[in-house]
Structures are given as C-alpha cells and as structure tokens.
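Topology and contacts: notes
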Amino acid sequence: MYEKLLKNITYSRIANYIAAKVSYWCSNLTNDVYLNAKPISASIEPANYCNLSCPHCPTGRKLIEKKDKRLTISDFQGYIDALLPELMYLNLYFQGEPFLNKDLPEMIKYASDRGVFTCVSTNGNALTEDVVKRLSESGIGRLIICLDGASQDSYQQYRVGGDFDRVVNGISLAVKYNLPLEVQCLLLSTTEKEIDEIKELCKDLGVKRLVFKKAQFYDEYLVPESPKNLRYKRDASGALVPKGKLKNKCWRLFSTIVIDVDGNVPACCFDKSAKYSFGNLNNSSLRDVWLGEKARKFRQTILRKRTSVDICNNCI
C-alpha cells in the first residue's frame, strides 16, 4: 500500500523530513521552539458537513456552528502548490464526509500526479460505482472505509442515518476495482460482540486489510465493556481518562498542517473548531502561517505545559 510513498521520495522531501526531525528534537531538548522545515504531511478538508449523525463526532452532533461548504478545486490546488515540493503525505478528510465533494477524485489525482501519497477516510455511504471508478483512475494511495457493525441494527447505533448495505456495496466495489482498501471498525459496545462476524464478512468480500480501532469518547454512550478495547482507563471517580501520560511534546505540530474548508489552519486534527488557528492561507502565505507567531506560541505552550491546552486532554 505504501509503495507509492516510497517511490516518490525525492531529495527535497528527504531534506525537509530531516530538518523537521532535527527541529523537533532540538525543541524538545531546549524547551524552546525551533522549526526550520515545511510540513511533511497535510490534512485538507474537502467538505465540512456530513451525511450522518454519529454521536461522538462534533460535526455529526452539530456542536460547531458553521455553514455547509465544499472546498473548490482551485483553492485545493493553491494549497498543494504552496506545500510542494516537500509534501509527502496527504489526508483528504477532517470534519466532514469527503465524498460529499464531487471534485474529490480530481483533487486526489492532482496531488498524486505530483508525487504526494493520498489517503481518504469515508463512512462509505456516498460510494457509487461511478465514484469508485473515478477513484481507480486517480492514483489514490489508501482508501479507508468505516464499517462499524455486522448488520444494519448494530451499524446504525453509531452511524446514525447510515445504510449498512450501501457501505458493504461500496466495499465490494473497492475490491472489484482493486483499490488500496483498508476497512476500519471502531471498537464499541456493539462491535466488540461482533468481531468474528465482521472478520468473516470482510473475508467474504475479499478485503485484505481490516483494522479494529479504539474509539474516542466524549461520554459513556457505546463505551466497550472490555478494557483492552479502550484507549482509556477509569479514575477513582469512575470517569474515563486516557491511559497514556500526556507529555510536553507533539511531533504532529512540527510535521503536519491541517487546512479546513475555509483555509483556516487549526493547530491539529483535535482543534475541531479552529480555536487555536495559526491563520488563514487565503490571506497569508504558508510560511507566515506555519512559522508565524500564533503557531510559535502554541508550540511553546505544548513544550512547557501541554496539560493546559484543553484539546490535548483527549489525545492519546
């Protein structure tokens, strides 16, 4: 699956990667921000709205006030051009369902043709044969389809408004067109009881890669019973808290840029409402945003007291 990534390694990409790593190490050692590299990877949002209402998703729960919007192909090309030639990896998703943007296959192709490894994650409800055929011609590096259940009954507990059969058909089409497919299943109180059934279903569909993923929770709804299926533990009060200790460091802040549909640059993928935005690429240069004062101050806070940043407290 990652052969395309390795195939497109260039001197500028290697040099930038090394510069980012050195910057990260020096910043951690000195407790001061030092960054002399462009982003290695990016997450760009094709659409900021969704066709489902998943209970642990801010977009699905409509917790963020925003107007439904799709990224234009011209804005997308501008962002990619600014990130080249160093950009290596591109996630084409953030808050919304990416396939609600009809130009998504063309976006993938634009990046892929320029040696960027592309990845898309989808709930699968908008995958038609025409869309999948266009994907097969786009050069996509990785397609993630979420299948959170072995039947409509269990699936709809989390994927509210979704159609299980439509997703299964989308998976079948991805296999038919030999796409670099990964099926993901969130470990929930519903799916942890169906692991064997989901494995059997994917085997019958011809899926080569199936991943069971520990979910992020904001309340107790659908929390798995088995501790091994959780990225959390219970504290003395019984509340869910992350298992891992939050350290004063974050590689993503030195390597990955997030760009939403309006051109805003949130601090990271956990900055759902762009509360800690570094700036906007529609009115500022990449350098001014990525290496600007807002970005420097945020990285500095992470290096010195990450627990003071609310969005980090559910990050593992």
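Scroll up to find the structure this text is about.
Because the structure is a prediction, the values reported are computed rather than measured. Within each chain, residues carry numbers counting from 1 in the order of the written sequence. Totals for whole chains, interfaces and linings use every residue, but because this is a predicted model, local features are given only for residues with pLDDT of at least 70 and side-chain atom pairs only at 80 or more, for both listing and counting. Hydrogens and waters are ignored; side-chain quantities use all the structure's heavy atoms.

So, on to the state of the cysteines. Where two cysteines share a covalent bond between their sulfur atoms, that bond is called a disulfide. Two cysteine sulfur atoms make up a disulfide if the distance between them is within 2.5 Å. Inspection of every chain in the model, using the stated rule, returns zero disulfides. Free cysteine Cys57: the closest other cysteine sulfur is in Cys54, separated by 6.1 Å. The rule is simple: take the accessible area with a 1.4 Å probe, protein chains only, and divide by the maximum for that residue type; under 20% is buried, over 50% is exposed, in between is partly exposed. A relative accessible area of 22% means that Cys57 is categorised as partly exposed.

Patch membership requires over 30% relative accessible area and the absence of a salt bridge. Like charges are linked within 9 Å, and nonpolar side chains (Val, Leu, Ile, Met, Phe, Trp, Tyr) within 5 Å. Only the protein chains shown count as cover for residues, and the accessible areas themselves come from Shrake-Rupley with a 1.4 Å probe. Each reported salt bridge corresponds to a side-chain nitrogen of Lys or Arg within 4 Å of a carboxyl oxygen of Asp or Glu. Residues Leu6, Ile9, Ile14, Tyr17, Ile18, Val22, Trp25 and Tyr34 make up a contiguous nonpolar surface patch of about 770 Å² in total accessible area. Secondary structure follows DSSP: runs of H or I at least 4 residues long count as helices, runs of E at least 2 residues long count as strands, and numbering of each begins at the N terminus. Top element by residues in the nonpolar patch is helix H2 (residues 11-30). It accounts for five residues.

In these notes, a set of buried Ala, Val, Leu, Ile, Met, Phe, Trp, Tyr and Cys residues joined through side-chain atoms within 4.5 Å is what counts as a nonpolar core. Counting 86 residues, the largest nonpolar core has Ile44, Phe76, Leu90, Leu92, Leu143 and Ile171 as the members making the most contacts within it. The element best represented in this core is helix H7 (residues 164-176), accounting for six residues. Whether two residues are in contact is decided by their heavy atoms: any pair within 4.5 Å suffices. Ignoring sequence-local partners within four residues, the contact set of Leu90 consists of Ala42, Ile44, Phe76, Ile80, Ala111, Val116, Phe117, Thr118 and Cys119.

So, on to the pairing of strand E5 (residues 181-187). Buried residues dominate E5, accounting for seven of its seven residues. On E5, burial covers both faces: Leu181, Val183, Cys185 and Leu187 on one face and Glu182, Gln184 and Leu186 on the other are all buried. Strand pairing requires that DSSP identify at least two bridges connecting the strands. Sheet topology note: the strand E4 (residues 142-146)/E5 ladder contains four bridges and is parallel. By the bridge assignment for E5, Leu143 is matched with Leu181. In terms of strand pairing, E5 meets strand E6 (residues 210-214) through five bridges, oriented parallel. Its bridge partner lying in E6, Leu186 is registered against Lys213.

In this section: the layout of surface pockets. Both site types are read off a 1 Å grid over the protein atoms alone. A 1.4 Å probe that fits but cannot get out defines a cavity, while an open set with protein on both sides within 12 Å along at least five of seven lines defines a pocket; lining residues have an atom within 4 Å of a point. Grid points are joined across faces, edges and corners, and a volume is the space filled by probe spheres set on the points. Taken as a whole, the largest pocket spans an internal volume of roughly 1500 Å³. Around the largest pocket sit 48 residues that line it, and Tyr93, Phe94, Ser121, Lys213 and Lys272 are the ones nearest its centre. Looking at the lining of the largest pocket, the elements that each hand over two or more residues are strand E1 (41-44), strand E2 (89-91), strand E3 (117-122), E4, E5, E6 and strand E9 (256-259). Empty space within the second largest pocket amounts to approximately 340 Å³.

Within the open sheet, the seven strands sit side by side as E6-E5-E4-E3-E2-E1-E9. Their pairing is parallel. Of all strands in the sheet, those with a lone pairing partner are E6 and E9, marking the two edges. Recorded for the sheet is a direction-independent mean angle of 20 degrees between the axes of neighbouring strands. Across three bridges, E2 lies against E3 in parallel orientation. Residue Leu90 lies in a different strand from E3, and its bridge partner there is Thr118. Sitting on the sheet, H7 is in contact with E4 and E5, with an inclination near 160 degrees to E4. To get an axis, a line is fitted to the C-alpha atoms, and for a helix only the part in contact is used. The angle between two axes follows their N-to-C directions and goes from 0 to 180 degrees. Against the sheet, helix H8 (residues 195-205) makes contact with E5 and E6, and its axis sits at roughly 150 degrees relative to E6, the strand it touches most.

Most of E4 is tucked away, with five of its five residues classed as buried. Judged by which residues are buried, E4 turns out to be covered on both faces: Arg142, Ile144 and Cys146 on one side and Leu143 and Ile145 on the other are all buried. With four bridges connecting them, E3 and E4 associate as parallel partners. When the bridges of E4 are listed, Thr122 appears paired with Ile145. Orienting the strands away from the viewer, one traces the path from the first strand over the helix to the second; a clockwise path indicates a right-handed crossover. Each parallel crossover has a hand, and for E3 linked through helix H5 (residues 129-136) to E4 it is right-handed.

A few words now on H7. Note that an α-helix has 3.6 residues per turn; residues three or four places apart therefore point the same way. To estimate the expected span of a helix, subtract one from its residue number and multiply by 1.5 Å. Taking 1.5 Å per residue as the helical rise, H7 with its 13 residues ought to reach 18 Å, and the 18 Å between its terminal C-alpha atoms agrees with that figure. Listed as buried for H7 are Phe164, Val167, Val168, Gly170, Ile171, Leu173 and Ala174. Residues of H7 that are buried make contact with H5, E4, helix H6 (152-158), E5 and H8. Within 3.5 Å is the distance limit for a polar contact, defined as a pair of N or O atoms, with the added protein rule that one can donate a hydrogen and the other accept it, and that residues adjacent in sequence qualify only through two side-chain atoms. A side-chain oxygen of the first residue of H7 lies 3.0 Å from the backbone nitrogen of Asp165; this N-cap is Asp163.

Attention now moves to the packing of aromatic side chains. Any two of the Phe, Tyr and Trp rings considered here, Trp counted by its six-membered ring, make a pair once their centres fall within 6.5 Å; the pair's planes then place it as stacked at under 30 degrees, edge-to-face at over 60, or tilted in between. By the definition in use, this model includes nine aromatic pairs. Each ring, one from Tyr24 and one from Trp251, has its centre 5.3 Å from the other, and the planes form 65 degrees; the classification is edge-to-face. Within this pair, whereas Tyr24 is found in helix H2, its partner Trp251 is found in the loop between strand E8 (240-242) and helix H9 (252-255), the two being separated by 227 residues in sequence. Grouping aromatic residues by their ring pairs yields a cluster made of Tyr17, Tyr24, Trp251 and Phe254. For Lys21, the ring lying beneath its charged end belongs to Trp251, and the centroid distance is 4.1 Å. Against the face of Tyr110 rests Arg114, its NZ or CZ located 3.5 Å from the ring centre. Geometrically, a charge over a ring is one whose NZ (Lys) or CZ (Arg) sits within 6 Å of the ring centre while staying within 35 degrees of the ring normal.

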